[in-house]
Amino acid sequence: MPRSRRLALLAQMLSGRRFSSQDEIVQALARQGFEVTQATLSRDLRSLGVAKRSDAHGRPVYELPGPAVETIDRQRRLLDLRAFVNDIRVAQNLVVVRTPPGHANGVGRAIDLAEFEGVVGTVAGDDTVLVVMADSAAARRLKKRLDAIALGATAAAEGSAK
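Residues numbered from 1 in each chain as written. Predicted model: local features only at pLDDT ≥ 70, side-chain atom pairs only at ≥ 80, totals over all residues. Heavy atoms only, no water.

Caption draft 1: Inspection of the overall build of the chain at higher detail. Across its full length, the chain holds 6 helices and 6 strands. Sorting the 162 residues of the chain into buried and exposed places 30% on the buried side. Taking the intrachain contacts of the chain between residues at least 6 apart in sequence as the baseline, contacts between residues at least 24 apart amount to 50%. Carbon and sulfur atoms provide 51% of the accessible area of the chain, an area that totals close to 10000 Å². (Helix = DSSP H or I, 4+ residues; strand = E, 2+ residues; numbered from the N terminus. Buried < 20%, exposed > 50% of the residue type's maximum accessible area, 1.4 Å probe, protein only. Contact = heavy atoms within 4.5 Å. Areas by Shrake-Rupley, 256 points an atom, 1.4 Å probe, with all protein chains shown as cover.)

In structure tokens form, the structure reads like this:
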């Protein structure tokens, strides 16, 4: 059996069940038709980044690493939204955000990481971000929030220009 299939099954098993020993994992793989040695299993666990940690009850269990988390600090997200949002339009449950050329990706990531309520996902081009919302009411709320952020930057800029 190909290693890639074995690794996929191993990852699936570890995400759905707690194993406290490699022997338990070897037996579970065998029930699925994958005969592996302890040495092979150790290499597979290492390649998946699996670690042995204590669960909530203090029992040692094998765990897959958590998903990679991308973080941008709050000030950086606000800066991207304030400085690079030029226009916001709503079309039913879609929000179209226009940016200067080359800034749509940063604005899209800022929207994703801000976790605004109702955002299903974003697609960024060069100067446009398409934000898919759960419904038209959520789209209107996002437009209000983005307008408020952008207006905050405009008001601050106008105040410093005086």
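Caption draft 2: Spatial organisation of the pairing of strand β1 (residues 51–54). One ladder, built from 4 bridges, connects β1 with strand β2 (residues 60–63); its direction is antiparallel. By the bridge assignment for β2, S54 is matched with P60. Counting the residues in the hairpin turn of β1 and β2 gives 5 residues, including G58, whose phi is positive at 85°. (Pairing = 2+ DSSP bridges.)

Caption draft 3: Structural detail: the environment of R76. By the element assignment, R76 lies in helix α4 (residues 74–84). For R76, a relative accessible area of 44% gives the class partly exposed. Measuring from C-alpha to C-alpha, the distance between R76 and G106 comes to 9.9 Å, with 30 residues separating the pair along the chain.

Caption draft 4: Quick look at helix α2 (residues 22–31). Of all the positions in α2, only Q22, I25, V26, A28 and L29 are classed as buried. Buried residues of α2, seen end-on, are gathered within an arc of 165° and therefore sit on one face of the element. Looking at the packing, one finds that the buried side of α2 touches α1 (3–16), α3 (38–48) and β2. Taken from the residues just after α2, G33 is the one with a positive phi, measuring 90°. (Arc of directions from axis to C-beta.)

Caption draft 5: Broad picture of the pairing of strand β3 (residues 87–91). Pairing between β3 and strand β4 (residues 94–98): 5 bridges, direction antiparallel. From the neighbouring strand, D87 faces β4, where its bridge partner is R98. Counted along the chain from β3 to the antiparallel partner β4, the turn is 2 residues long, and its residue Q92 has a positive phi close to 60°.

Caption draft 6: Helix α5 (residues 104–114), seen in detail. Those residues of α5 lying buried are A104, V107, G108, A110, I111 and L113. Backbone geometry just after α5 places E115 at a positive phi near 55°.

Caption draft 7: Representation of the pattern of salt bridges. Summed over the entire model, instances satisfying the criterion amount to 8 salt bridges. Note that R6 is salt-bridged to D44, the shortest N-O span being 2.6 Å. With R6 in helix α1 and D44 in helix α3, the pair connects residues that are 38 residues apart, well separated along the chain. The exposure class assigned to D44 is buried, which follows from its relative accessible area of 1%. (Salt bridge = Lys/Arg side-chain N within 4 Å of Asp/Glu carboxyl O.)

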